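Examination of the molecular architecture
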Amino acid sequence: MDVYMALFPCDSTLEDLTKRLHSLAAGFHELMQMKLVLYRIDANKMDWQGQKVAEQLMQIMLVVFAIAAFITGYVLGSFQLMLYVYAGGVVLTTLITIPNWPFFNRHPLKWLDPSEAEKHPKPQVVMGSVSKKKPAKK
């Protein structure tokens, strides 16, 4: 209710409400433009091998940072420092493994052109009376 009252107070004039709605629309438009830019950045998707490498790299890095954080915290006797080291490792791991870096797309998939796909129709599955069951012993 507080947000509604902040956006549309009862003593506002129609002109004030119109200005607020225009500013909200402009903000929404900017958000959609940002989404389009991010979509263009994300257009180069990671291939299957890249996803596998990213996941393995993430697991290895998190385990290494967990061990390093534990050793640092144990030697220096600081739980807070241990958490900082591990949090830094998580942030670094995130920055390395989540974006679609070019080295994650070394084996792109070759998709069939739609016009070429029409020339080669899918094989139809025929449901026949052919049974692969072994005959019963008598």
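This section reports on the structure supplied with the text. (Residues numbered from 1 in each chain as written. Predicted model: local features only at pLDDT ≥ 70, side-chain atom pairs only at ≥ 80, totals over all residues. Heavy atoms only, no water.)

What follows deals with the overall build of the protein chain. Tallying secondary structure elements over the protein chain gives five helices and zero strands in all. Each helix (α) and strand (β) of the protein chain, taken in turn from the N terminus, gives the series α-α-α-α-α. The buried share of the protein chain, reckoned over its 138 residues, is 10%. The long-range fraction of contacts in the protein chain, counting pairs at least 24 apart against all pairs at least 6 apart in sequence, stands at 60%. With the model as given, the accessible surface of the protein chain reaches about 12600 Å², and the carbon-plus-sulfur share is 68%. (Helix = DSSP H or I, 4+ residues; strand = E, 2+ residues; numbered from the N terminus. Buried < 20%, exposed > 50% of the residue type's maximum accessible area, 1.4 Å probe, protein only. Contact = heavy atoms within 4.5 Å. Areas by Shrake-Rupley, 256 points an atom, 1.4 Å probe, with all protein chains shown as cover.)

Our next topic: the environment of M58. Among the secondary structure elements, M58 is positioned in helix α3 (residues 48-76). In this structure M58 comes out as partly exposed when scored by relative accessible area, which is 31%. Along the primary structure M58 and T94 are separated by 36 residues, whereas in three dimensions their C-alpha atoms are 7.9 Å apart. Among residues more than four places away in sequence, those in contact with M58 are T93 and T97.

Time to look at the layout of surface pockets. In this model, the largest pocket occupies a volume close to 150 Å³. Looking at the largest pocket, the residues that line it are K45, M46, D47, W48, Q51, N105, P108, L109 and W111. Classifying every residue of the lining of the largest pocket by side-chain character gives five nonpolar, two polar and two charged. (1 Å grid on protein atoms, 1.4 Å probe; cavity = no way out; pocket = protein on both sides within 12 Å on 5 of 7 lines; lining within 4 Å. Points joined across faces, edges and corners; volume = space filled by probe spheres on them. Nonpolar A, V, L, I, M, F, W, Y, C, P; charged D, E, K, R; others polar.)

By themselves, these figures tell us nothing about what the structure is for.
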